[in-house]
Amino acid sequence: MGPDGSSPPIIAPIIAPIIAHRGASARAPENTLAAITLAADLGAQAVELDVTVSADGIPVILHDETLDRCTDGSGPVVLKTLEELKSLDAGSWFDPGFAGQRIPTLDEALKLIRQRDMTLNLELKPTTGWEEPTVQAVVKTLERHVVSGEWLLVSSASPDSLDLFRASLPEIPLGLITTAVPLRWRTVLKRHHCISLHCHQAFLHKRLVADIHAAGYLVHPYTVNDPVRAKALFAMGVDAIFTDQPDSMLALHG
Ligand code: G3P
Ligand code: MG
């Protein structure tokens, strides 16, 4: 039986085993077009990006609720229009060589990912309380692209966001993000119609991975930058890892 108790087990991977976390984020400013381009240049076939929304309802690629860490701006992203966000430098904080990188829109990121023939794990990352406008904006943008579960996996640590997303685009596969593996992982994954569990890598062991697989779900741990740990996780049978260093992990995994 599969995740819903009615379909065959979903064990066929829909995303490559090495997922460039926020792009090639060890060598380029995370969640920028430069980081996506570099991930593709390094040979990564899959990328993970975080999406949130601007004050005027445009989905943008950014991890934090505030602008302070990854741009030269400050304050909550949801209080800025796209025009204001686009005026910010999203590269210099990482390295002066990346000065002029901008916060990408989801639309820009999708175009680049499709041009480079990559698969995408899009993490819905709403500012707390902004789940509905965030998901609505993401759905609106995705509907302008020809989205397919063959190259898009949507995930979130916000179960409400997953449910809202599924109400609009039920054909796109979903993943649940947690820190620890929930004790009732079967119930939670089933309730939110997920095909995969994205948990912190430290919480996995061989038996648990086997149990999750036997129940028909994929296992995608984050964030794995240690080659020894990556080898151990693949030996346990995980389906894919999120890594800031896709080049090192590709050398390891092939
Ligand atoms: O989606 C996996 C991972 O990205 C979740 O954590 O904080 O890096 O978005 P975070
Ligand atoms: Mg993320």
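Residues numbered from 1 in each chain as written. Chains lettered and ligands numbered in written order. Predicted model: local features only at pLDDT ≥ 70, side-chain atom pairs only at ≥ 80, totals over all residues. Heavy atoms only, no water.

### As for the pattern of salt bridges
On inspection of all chains with the given rule, the structure shows 11 salt bridges. Asp247 is paired through a salt bridge with Arg27; the nearest N and O atoms lie 2.4 Å apart. On the criterion of sequence distance, the pair formed by Asp247 in helix α9 (residues 246–253) and Arg27 in the loop between β1 (18–21) and α1 (33–41) is long-range, its members being 220 residues apart. One network of salt bridges, in which partners are shared, links Arg22, Glu30, Asp50, Asp64, Arg69, Glu123 and Lys125. (Salt bridge = Lys/Arg side-chain N within 4 Å of Asp/Glu carboxyl O. Helix = DSSP H or I, 4+ residues; strand = E, 2+ residues; numbered from the N terminus.)

### Digging into the coordination of the magnesium ion (ligand 2)
At this site the magnesium ion (ligand 2) is bound by Glu48 (OE), Asp50 (OD) and Glu123 (OE), with donor distances of 2.0 to 2.2 Å. Positions of the donor residues of the magnesium ion (ligand 2) along the chain correspond to the pattern E-x1-D-x72-E. Of this pair, Asp50 sits in strand β2 (residues 46–53) while Glu123 sits in strand β4 (residues 119–124), placing them 73 residues apart in sequence. When sorted by exposure, Asp50 lands in the same class as Glu123, which is buried. (Donors = N, O, S within 2.8 Å, 3.2 Å for Na, K, Ca; no water. Buried < 20%, exposed > 50% of the residue type's maximum accessible area, 1.4 Å probe, protein only.)

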